Amino acid sequence: MSEGLTPYGLTCEMLDRPLGLDEQRPRLSWKLRSARRGDAQSAYRLAVALSETDLDTGRLIWDSGRRPAPDGVLIPYDGPPLQSSTRYHWRVTVWDVEGRQSGRADSWFETGLLHDDDWQAVWIARDPASAPVMEPPRGTDRTDRTRHLRPCAHLRGPFVLDGGRPVRARAYVSARGLYELRLNGHRVGDAELAPGWTEYARRVQYQTYDVGHLLNDGDNVLGAVLADGWWSGFVGFDSRRQAMHYGDAPQLIVQLLLDFADGARRWVLSDGGWREHAGPVQYSDMLMGEYVDARQELPGWDRPGYDDTGWTAVAVADTSTGVLEAASDPPVRVLEELPARSVRRRGDRFIVDLGQNMVGRVRLTVRGAGRGRRIRLRHAEMLAGDELYLDNLRTAEATDVYITSGEPVETFEPRFTFHGFRYVEVTGYPGDLRPKDVTGRVLGSDLPWTGEFECSDATVTRLQANIRWGQRGNFVSIPTDCPQRDERLGWLADAQVFLPTACRNADVGAFFARWMRDVVDAQHPDGAFPDVVPELCLDREGAPAWGDGGVIIPWQLYRLYGDRRVLERSYPAMKAWVDHVHRNNPGLLWRTAVGNHYGDWLQIGVETRRDLLATAYFARSAEIVAATAGVLGHDDDAKEYGALHTAVRGAFIDAFVDAGEGRVAGETQTGYLLALAFDLLPGQAVPAAVDRLVADIEARDRHLTTGFVGVALLCPVLTAHGHAELAYHLLHQDTCPSWAYSIRQGATTIWERWDGWTRERGFQSPAMNSFNHYSLGSVGDWLYGGVAGIGQAAGSVAYRDLLLEPAVGGRLTWARARQVTPRGTVLCGWTLEDGVLVLDVIIPPGPEATLVIPTGDPEGVLENGRPLTGAPGIEITATFTASPGTASASTASPGTGSLTVRLGSGHYRFTAAPPRLQGGIQPTPPGRQP
């Protein structure tokens, strides 16, 4: 690796070498690294061409020229209009801090179908006149909920290549429903549950595949299998309308582009000439499961030479293509495989434990079953005694059925469904089921992991693992919830409270930016956002904190990723939401037009006043709209919504705050947290309010009461106000309610409820009791930003101005986090070794960092064994020494101090006297766990 400044991690529209973009001005990004301390980018040059050779020879489509700039975060292409179905190669060259030309790197992106008239194919589907007639279920083979579900349609369209093989071939494909594309007997791509879930009335994504290697000279066949998916299958919990929300049967559209060496171009299209037949998949549904009769296989159906005379012609379902948009975020894929941990026989059944609550499906190997054996797989998150706990599935059946073909060895794996489960009950399996015959296949949107947090405490490390598993399992095309039951909806509040944690763990920029387009499209004419997007089941305006997600999420994406475009596209909708709240609440206390008004959902043992929570969010959303207007240059709006924020803040104080006593109405933890986090208290009331918050936690034997809304604020607010040790007490608390309590009960994901299961009462109400739900895991942001200390300054965007402020404390003897930011990799970690605090810090080129070192001796801090004075890349900006019994403004506990330094890029190691820890927690020696 070069020691100089080098760009790496090149992306276009936040994707690595995307195939099939439809953005006319795609944004190019890169990260930076350098072995030289203090290095930074002083300028860059972007070049775009039609080939790598053209890049080298200077035959360019666009040349930005040398531009002074400190970073490479989402730089828009600014050349001539892009052409459809074209690959563009691009190169970035950077100049270092001293103005010398340094490294360069290349990548590419490829456009999709940029114009409406690029689409020539039509939507095709099974002809309703030839659809299989459903018979009443025999015995227990089909349930009342599944008896109407029809077999998955198999569609095929032959074509001939008689002029030689093309030099390039692309398949553009989508479905209303789910599809699996086939070409000459091979599966195309590895996307699962494609094309994903969007606001289908406004947007259906299509995927682009490179298929040149699958083509034959002469005869070829395009094929596809269609399933109901979100389009016409069971979705949500409304028993009056659980299925067919968008249509009554799936449809396919596919367009194959063939480019030849002589410049000729040919299209192969889905049209009325295709043919259809039912196959082995008797039904597949996301909630109910999948039923496969392997005796009904159609050998060779997707290859040339197959006799399809018994098949029927498809119907042309639609000719309009205006809803089609190129996929703009990573697809759902199989992300991991989990081997079975154990298999236990119970009579004629086997209970399989995969050891991890996961989302996906099972691959089952069957040996010597004979023909026609019925094998059933049921899925559950928990056991009740030795049996599956199924009550919390509600109406979801989560049951897969396989009828064997009689082959000596068969493999069954569903293709168009997914379940949330750790345990699988297998009934009807021949002989003994062995662990090696069962594999869990984990599904989720394929979002690159960008963060790691680890520490000396096994329980806290397990908490971080549970948070990541909850994120992986609930980011399935959209940010969803409760993957085991009949829900799986995109709740806005859940997403907005968890987003800061999600952005720490993975690169979710493109994922949430695409979803925000659906959120904007789902907005009601009166300006109200819904509670869930895509909008199903709930037809009222969004509740406080839920509808506010439409304002908070785009602002967070701008702050964390520098995504200005998501602000621009969301801004009118953000304004309309605040106007909706204001119009219905001219008195500035949000008490009407509150939708289902969930309050601090699933708080425990208390009830935070709902009008207080609502008004706090009214103030916060008005503040964000004002800030967004400022960023976008809408100065008049910035003043108007800034004034509205000030007025709502005043109304909140008048209605809910006793300024003299620092008392917030209702005196719940969430009430105080909202007031403190959203700056809704007069300055003189803040210390007393903090004291009251602390007193409430102490009075409850250091237990929390917060629900979905308050939980993300709890540890950050305590830490910001000098009570990091109390935050650690909550982190380490292992009796209910607490994060560690579920871990003590064997949890491998975050539970929906603090008391989803307790030793005293068993399971909570099955009406709402998921054991895989990310919201209460929003403490993960504090693990990175509080414990390890990685954050950014108040006005910083995309980590341009880093603030590193680790809170040393708790039972931990070490903690560290690594985070890949839009500008490069940041690391911050600390260790207590033999009475010495050791801090390791890595800053990428470009950003500068403020590091606050908690220490009992600010004057004795060393860097690599040397005094800080005169050390390269280090500037001392402040020292603080707290007297015993006083509180500091930093994370340092009373009786300690801190040293603040300003750092350039590079790797630093500081040693210092450790802070004097307060509050009764002592570090646990390595190798011991409490």
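Predicted model, so just to flag it, every value in this text is computed and none were measured.

Caption draft 1: Highlighting the overall build of the protein chain. Secondary structure assignment for the protein chain yields 15 helices and 52 strands. Rg of the C-alpha trace for the protein chain: 29 Å, near the compact-globule value of 30 Å for 930 residues, within the 12% margin. Along the longest, intermediate and shortest principal axes, the C-alpha atoms of the protein chain span 90 × 75 × 60 Å. Scored against the burial criterion, the 930 residues of the protein chain give a buried share of 63%. When contacts within the protein chain are restricted to residue pairs at least 6 apart in sequence, those whose partners lie at least 24 apart make up 75%. Carbon and sulfur atoms make up 47% of the accessible area of the protein chain, which totals about 33,000 Å². Averaged over its 96 positive side-chain charges, the protein chain has a centre that lies 3 Å from the centre of its 117 negative ones.

Caption draft 2: Representation of helix H9 (residues 635-656). With 22 residues, H9 should reach 32 Å at 1.5 Å per residue; the first-to-last C-alpha distance of 31 Å fits that figure. Among the residues of H9, Asp637, Tyr641, Leu644, His645, Val648, Ala651, Phe652, Ile653 and Phe656 are the ones counted as buried. Those residues of H9 that are buried are in contact with helix H7 (564-584), helix H8 (610-632), strand S38 (657-658), strand S39 (663-664) and helix H10 (669-677).

Caption draft 3: Seen up close, the sheet that holds strand S7 (residues 75-76). Taken together, three strands build an open sheet; the order of strands is S1-S3-S7 and the sheet is antiparallel. The open sheet terminates on both sides in strands that have one partner only, identified here as strand S1 (6-12) and S7. In this sheet, strand S3 (residues 27-33) lies alongside S1 in antiparallel orientation, the contact comprising five bridges. Pairing of Cys12 across the sheet is with Leu28, part of S3.

Caption draft 4: Focus on the nonpolar core. Judged by nonpolar contacts, the single largest core of 236 residues is most densely connected at Trp30, Phe453, Val508, Phe512 and Phe910. With 13 residues, H8 is the single largest residue contributor to this core. Beyond its immediate chain neighbours, meaning those up to four positions away, Phe910 contacts Leu837, Val838, Leu839, Leu851, Ile853, Val861, Leu862, Glu863, Leu868, Ile874, Val901 and Leu903. With 31 residues, the next largest nonpolar core counts Leu155, Leu161, Tyr179 and Val188 among its residues.

Caption draft 5: A look at the environment of Ala380. Structurally, the position occupied by Ala380 is in strand S28 (residues 371-380). Classification of Ala380 as buried rests on a relative accessible area of 0%. In this structure, the C-alpha to C-alpha distance between Ala380 and Leu390, residues ten residues apart in sequence, is 6.1 Å. Setting aside its immediate chain neighbours within four residues, Ala380 contacts Leu388, Tyr389, Leu390, Gly420, Phe421, Arg422 and Tyr423.

Caption draft 6: Spotlight on H10. Burial runs high along H10: eight of the nine residues are buried. Those residues of H10 hidden inside the fold are in contact with H8, H9, S39, helix H11 (686-699) and helix H12 (708-720). Backbone geometry just after H10 places Asp679 at a positive phi near 55°.

Caption draft 7: Summary view of the sheet that holds strand S22 (residues 312-313). Reading across from one edge, S14-S13-S16-S11-S19-S22 is the order of the six strands in this open sheet, with antiparallel pairing throughout. Two strands bound the open sheet, and with one partner strand each, they are strand S14 (186-187) and S22. Where strand S11 (residues 153-161) and strand S16 (residues 218-227) come together, nine bridges link them in antiparallel fashion. What sits directly across from His154, in S16, is Val225.

Caption draft 8: Spatial organisation of the pairing of strand S18 (residues 265-269). Here five bridges tie strand S17 (residues 251-259) to S18, and the two strands are oriented antiparallel to one another. Bridge pairing in S18 links Leu258 to Arg266. Hairpin remark: S17 followed by S18, antiparallel, with five residues in the connecting loop; positive phi at Gly263, about 90°.

Caption draft 9: Spotlight on unusual backbone geometry. A cis amide bond links Ala194 to the next residue, Pro195, at an omega of 10°. Looking at the element boundaries, Pro195 is found in the loop between S14 and strand S15 (204-210). Following Val533, the chain continues into Pro534 via a peptide bond in cis, with omega recorded as -5°. Along the chain, the position of Pro534 falls in the loop between helix H5 (509-521) and helix H6 (549-561).

Caption draft 10: Spatial organisation of the pattern of salt bridges. Summed over all chains, the structure comprises 87 salt bridges. A salt bridge links Arg569 to Glu23; the nearest nitrogen and oxygen atoms lie 3.0 Å apart. Of this pair, Arg569 sits in helix H7 while Glu23 sits in the loop between strand S2 (19-21) and S3, and the two are 546 residues apart along the sequence. The buried category is assigned to Glu23, whose relative accessible area is 14%. Close ionic contact of Arg176 with Asp318 constitutes a salt bridge, the shortest N to O distance being 3.0 Å. Of this pair, Arg176 sits in strand S12 (residues 168-176) while Asp318 sits in strand S23 (residues 315-318); the two residues are 142 residues apart in sequence, bridging distant segments of the chain. By relative accessible area, which is 9% here, Arg176 ends up buried. The partly exposed category is assigned to Asp318, whose relative accessible area is 21%. If you follow the salt bridges from partner to partner, you end up with Arg202, Arg203, Glu325, Asp329, Arg514, Arg517, Asp518 and Asp521 in one network.

Caption draft 11: Just the confidence of the model for the protein chain, in detail. Put simply, the protein chain has an average pLDDT of 94, and 95% of its residues get 70 or more. Below pLDDT 50 for its whole length, residues 883-895 participates in 28 contacts with residues either more than four positions away or in separate chains. Counted against residues more than four places away or in other chains, residues 925-930, with its pLDDT under 50, gives ten contacts.

Caption draft 12: Seen up close, the pairing of strand S21 (residues 289-293). The buried fraction of S21 is high, at five of five residues. Burial along S21 is two-sided: Gly289, Tyr291 and Asp293 facing one way and Glu290 and Val292 facing the other are all buried. Two strands pair when backbone bridges link them, and strand S20 (residues 281-285) and S21 are joined in this way by four bridges, in the antiparallel orientation. Paired with Val281 across the two strands is Val292, which belongs to S21. Direction of pairing for S21 relative to strand S31 (residues 399-405): parallel, over a ladder of three bridges. Considered in S31, the bridge of Tyr291 is made with Val401.

Caption draft 13: The packing of H8 against H9, seen in detail. Where H8 contacts H9, the axes come no closer than 8 Å and their chain directions differ by 160°. Taken together, H8 and H9 sit at an angle that is classed as roughly antiparallel. Crossing geometry of H8 relative to H9 is assigned as left-handed. Across from Asp611, Leu612, Thr615, Ala616, Phe618, Ala619, Ala622, Glu623, Val625, Ala626, Ala629 and Gly630 in H8, the residues of H9 making contact are Asp637, Ala638, Tyr641, Gly642, Leu644, His645, Val648, Arg649, Phe652 and Phe656. For the contact of H8 with H9, the per-class residue count stands at 14 nonpolar, four polar and four charged.

Caption draft 14: The environment of Leu602, seen in detail. Mapped onto the fold, Leu602 is located in the loop between H7 and H8. Exposure remark for Leu602: the relative accessible area of 15% places this residue in the buried category.

Caption draft 15: How the structure looks around the packing of aromatic side chains. In this structure the tally under the stated criterion is 38 aromatic pairs. Ring geometry for Trp301 against Trp311: centres 6.3 Å apart, planes inclined by 25°, an arrangement best described as stacked. Taken together, the residues Trp301 in the loop between S21 and S22 and Trp311 in the loop between S21 and S22 connect sequence positions ten residues apart. Of the two residues, Trp301 and Trp311, both sit in the buried class. Between Phe475 and Phe498, the ring centres sit 6.3 Å apart and the planes meet at 90°, which makes this aromatic pair edge-to-face. With Phe475 in strand S36 (residues 475-476) and Phe498 in helix H4 (residues 492-505), this pair connects stretches of sequence that are 23 residues apart. Of the two residues, Phe475 and Phe498, both sit in the buried class. A cation over a ring is seen here: Arg468 above Trp449, with NZ or CZ 4.0 Å from the ring centre.

Cut-offs and rules
Residues numbered from 1 in each chain as written. Predicted model: local features only at pLDDT ≥ 70, side-chain atom pairs only at ≥ 80, totals over all residues. Heavy atoms only, no water. Helix = DSSP H or I, 4+ residues; strand = E, 2+ residues; numbered from the N terminus. Rg over C-alpha atoms; globule rule 2.2 N^0.38 Å. Buried < 20%, exposed > 50% of the residue type's maximum accessible area, 1.4 Å probe, protein only. Contact = heavy atoms within 4.5 Å. Areas by Shrake-Rupley, 256 points an atom, 1.4 Å probe, with all protein chains shown as cover. Lys, Arg positive; Asp, Glu negative; His and termini not counted. Charge placed at Lys NZ, Arg CZ, Asp CG, Glu CD. Expected span 1.5 Å × (residues − 1). Pairing = 2+ DSSP bridges. Core = buried A, V, L, I, M, F, W, Y, C linked by side-chain atoms within 4.5 Å. Salt bridge = Lys/Arg side-chain N within 4 Å of Asp/Glu carboxyl O. pLDDT = per-residue confidence, 0-100. Axes fitted to C-alpha atoms, helices over the stretch in contact; angles between N-to-C directions. Parallel < 35°, antiparallel > 145°, perpendicular 65-115°, else oblique. Left-handed = near helix turned anticlockwise from the far one by under 90°. Nonpolar A, V, L, I, M, F, W, Y, C, P; charged D, E, K, R; others polar. Phe/Tyr/Trp six-rings, centres within 6.5 Å; stacked < 30°, edge-to-face > 60°. Lys NZ or Arg CZ within 6 Å of the ring centre and 35° of its normal.

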